[in-house]
Amino acid sequence: MRIVLGVSGGIAAYKAAELARQLVRNGHDITVVLTKGAEEFIRPLTFASLTGRKVITDIFSSASPDATLSSAVEHIGVAQEHDLLLVAPATADVIGKFAHGLAGDFLSTLYLAFPGPVVLAPAMNNRMWEHAAVVANVAALRARGHVIVEPGEGYLACGTIGPGRLAENDKIVAAVKEVFRPKVTDLAGETILITAGPTREPIDPVRYISNRSSGKMGYALAEAALERGARVLLVSGPVNLTPPSGAEVDNVQTSQQMRDAVFARLPDATVVIKCAAVADFRPSNPSAQKIKKTAARISLELDPAPDILSELGQKRNGFLLIGFAAETENLREYARKKLESKNCDMIVANLVGGDESGFESDVNQVLLVLRNGENIPVEKAPKRQIADRILDQIAKLSPR
Ligand code: CTP
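Remember, predicted model here, so these are calculated numbers, not experimental data.

Novice: Go over the overall build of the protein, please, and point to the residues and values.
Specialist: The secondary structure content of the protein amounts to 15 helices and 19 strands. In terms of its C-alpha atoms, the protein occupies a principal-axis envelope of roughly 80 × 55 × 35 Å. Taking the intrachain contacts of the protein between residues at least 6 apart in sequence as the baseline, contacts between residues at least 24 apart amount to 65%. Accessible area of the protein: about 19,600 Å², with a carbon and sulfur share of 52%.

Novice: Give me the lowdown on the packing of aromatic side chains, citing residues and values where you can.
Specialist: This structure, assessed with the given rule, holds one aromatic pair. Aromatic pair phenylalanine 98 and tyrosine 111: ring centres 4.1 Å apart, planes at 5°, arrangement stacked. With phenylalanine 98 in helix 6 (residues 92–100) and tyrosine 111 in helix 7 (residues 106–113), this pair connects stretches of sequence that are 13 residues apart. Judged by relative accessible area, phenylalanine 98 falls into the buried class, the value being 2%. Residue classification places tyrosine 111 among the buried positions, given a relative accessible area of 9%. In this structure, lysine 315 packs its charged tip against the face of phenylalanine 263, placed 5.0 Å from the ring centre. A cation sits over an aromatic face here: arginine 316 above phenylalanine 319, 5.8 Å from the ring centre.

Novice: Quick one: what's the story with helix 11 (residues 216–227), residue by residue and with numbers?
Specialist: Owing to its 3.6 residues per turn, the α-helix brings residues three or four apart onto one side. Counted at 1.5 Å a residue, the expected span for helix 11 with its twelve residues is 16 Å, and the 16 Å between its end C-alpha atoms agrees. Buried residues of helix 11: Met217, Gly218, Tyr219, Ala220, Leu221, Ala222, Ala224 and Ala225, and no others. Residue glycine 229 follows helix 11 closely and has a positive phi angle near 100°.

Novice: Would you mind going over unusual backbone geometry in detail, with residue names and values included?
Specialist: Apart from glycine, the bulk of residues carry a negative phi angle, and the bulk of peptide bonds sit in the trans form. The omega torsion across alanine 88 and proline 89 is -5°, close enough to zero to call that bond cis. Structurally, proline 89 can be placed in strand 3 (residues 84–90). Phi is positive for asparagine 330, which is not a glycine, with a value near 45°. Mapped onto the elements, asparagine 330 comes out in the loop between strand 16 (320–327) and helix 14 (331–341). We classify asparagine 330 as partly exposed; its relative accessible area is 38%.

Novice: Go over the pattern of salt bridges, please, and point to the residues and values.
Specialist: For the coordinates displayed, the defined rule picks out 26 salt bridges. One salt bridge in this structure joins lysine 97 and aspartate 105, with 3.6 Å as the shortest N-O distance. In terms of burial, lysine 97 and aspartate 105 fall into one category: buried. Where aspartate 268 meets arginine 231, a salt bridge forms, and the shortest distance between an N and an O atom there is 3.2 Å. Of this pair, aspartate 268 sits in the loop between helix 12 (255–265) and strand 13 (271–274) while arginine 231 is found in strand 11 (residues 231–236), placing the two residues 37 residues apart along the sequence. Residue aspartate 268 is classed as partly exposed on the basis of its relative accessible area, which comes to 39%.

Novice: Summarise the sheet that holds strand 18 (residues 363–370); cite the residues concerned and give the values.
Specialist: On the basis of which strands lie adjacent, the open sheet formed by eight strands has the order 12-11-8-13-16-17-18-19 and mixed pairing. Whereas interior strands pair on both sides, the edge strands pair on one side only; in this sheet they are strand 12 (248–251) and strand 19 (375–382). Pairwise comparison of adjacent strand axes, ignoring direction, gives a mean angle of 15° for this sheet. Inspection of the sheet shows strand 11 paired to strand 12 by four bridges, in the parallel sense. Residue pairing across strands places valine 235 opposite aspartate 250, the latter belonging to strand 12.

Novice: Could you give me a rundown of the environment of alanine 224, with the residues and numbers involved?
Specialist: Checked against the element boundaries, alanine 224 lands in helix 11. By relative accessible area, alanine 224 is classed as buried at 0%. Setting aside anything within four residues of it in sequence, one finds alanine 224 in contact with Arg384, Ala387, Asp388 and Leu391.

Novice: Can you lay out the sheet that holds strand 1 (residues 2–7) for me, pointing to particular residues and giving the numbers?
Specialist: Hydrogen bonds between backbone groups are what pair the strands of a sheet, and the pairing can be parallel or antiparallel. Pairing within the open sheet is parallel, and its five strands lie in the order 2-1-3-4-5. Single-partner strands in this sheet number two, and they are strand 2 (29–34) and strand 5 (147–148). The sheet contact formed by strand 3 and strand 4 (residues 118–122) spans four bridges and is parallel. The residue of strand 4 that forms the bridge with leucine 86 is valine 119. The sheet strands contacting helix 3 (residues 44–51) are strand 1 and strand 2, and the helix crosses strand 2 at an angle near 175°. Strands in contact with helix 7 are strand 1, strand 2, strand 3 and strand 4; relative to strand 3, the strand with the most contacts, it is inclined by about 145°.

Novice: Requested: an account of helix 15 (residues 383–397), with residues and values cited.
Specialist: Look at helix 15: 21 Å from first C-alpha to last across 15 residues, which is about the 21 Å you get at 1.5 Å a residue. When we look at burial in helix 15, the residues that qualify are Lys383, Ile386, Ala387, Asp388, Ile390, Leu391, Gln393 and Ile394.

Novice: Let's hear about the environment of glutamate 333: which residues, and what values?
Specialist: Within the secondary structure, glutamate 333 sits in helix 14. It is 9.7 Å that separates the C-alpha atoms of glutamate 333 and valine 369, two residues lying 36 residues apart in sequence.

About the cut-offs
Residues numbered from 1 in each chain as written. Predicted model: local features only at pLDDT ≥ 70, side-chain atom pairs only at ≥ 80, totals over all residues. Heavy atoms only, no water. Helix = DSSP H or I, 4+ residues; strand = E, 2+ residues; numbered from the N terminus. Contact = heavy atoms within 4.5 Å. Areas by Shrake-Rupley, 256 points an atom, 1.4 Å probe, with all protein chains shown as cover. Phe/Tyr/Trp six-rings, centres within 6.5 Å; stacked < 30°, edge-to-face > 60°. Buried < 20%, exposed > 50% of the residue type's maximum accessible area, 1.4 Å probe, protein only. Lys NZ or Arg CZ within 6 Å of the ring centre and 35° of its normal. Expected span 1.5 Å × (residues − 1). Salt bridge = Lys/Arg side-chain N within 4 Å of Asp/Glu carboxyl O. Pairing = 2+ DSSP bridges. Axes fitted to C-alpha atoms, helices over the stretch in contact; angles between N-to-C directions.

This is the structure:
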């Protein structure tokens, strides 16, 4: 593959030389673009020797005083001739320029003209990495579908410890490999309705009953399903996550709102995955005004909340129905009971209550309980991988 390797100005720029060598060794054609800042840290000649190709150093690099049209539009040609734009290290400056569409130098101009996939490996001081401006810019680039190779933690050049170190070259090379991996689109033609996150049941205008669900599992499912070619309808409770681009999102708060959004979307769905942690009970008479503090004990009266999964189970008409089961004990037995009582095709059973997986965590470990009697354990893994294992089973169960 033909890769543009953009190198921007940071201490980590020297590591890009080894990265270029590794990519060349893996059979890629590498064209290096150095920003002005990068040139302060590393010489173009280093990259020219490693890649055997001309290194681009500035927007008017090949322009002599009598600049020709071809040199002035070089960035367009470079953009068209390459399959991937990789920037390592990507400084806060480059990330900001890309996020906002600024085009003051060759690399940022190339970015705007680049039609293919983009991978960025940020490196900067930990405070810079955690600054709201950088966080927002990185989120914008992610939402655009770009791959961010998370920086590692460790000693930074400025003497502090924290996140901000350029990811190891192996990790960057793996991210490049992943981009070029042929994509499975085994869920093309499916419309998958996914519920995610907790619900909030109001007690009064400022208080509510909720639970520890972060929404990470549901959002990972949405992302994985989109990548595999499905249309994704995401009904989400309140979470701190950015929905994957391409998902059609309904944001809801209460179990009643979630129920109504699910049934409004249902006619389009071929698969429903009920990943949300819906409240089982809700306050019977939420107060219209804030309840004042008293010295006396008060009690809260609760009514059952709508059980969305059960209602879906009773109204089956052609769609596959996948439920989740959060259990603190007897995982297999309780999950199979839920499969029967809620009339599902599969239950994703989750042992909760420990520290390591389940709610709030980035990893999970589940048991897939199927209607045909099979129980398939899925080893502990990042939620994004667990999502793919769940979707593997859905692809098998789908009549399409
Ligand atoms: N669920 C739902 N509506 C509810 C409660 C749960 O749709 N009011 C769905 C969840 O989205 C999940 C499944 O039911 O897919 C199981 O949720 P869980 O909390 O494990 O089970 P419950 O039915 O609440 O049973 P219990 O609390 O007794 O384990």
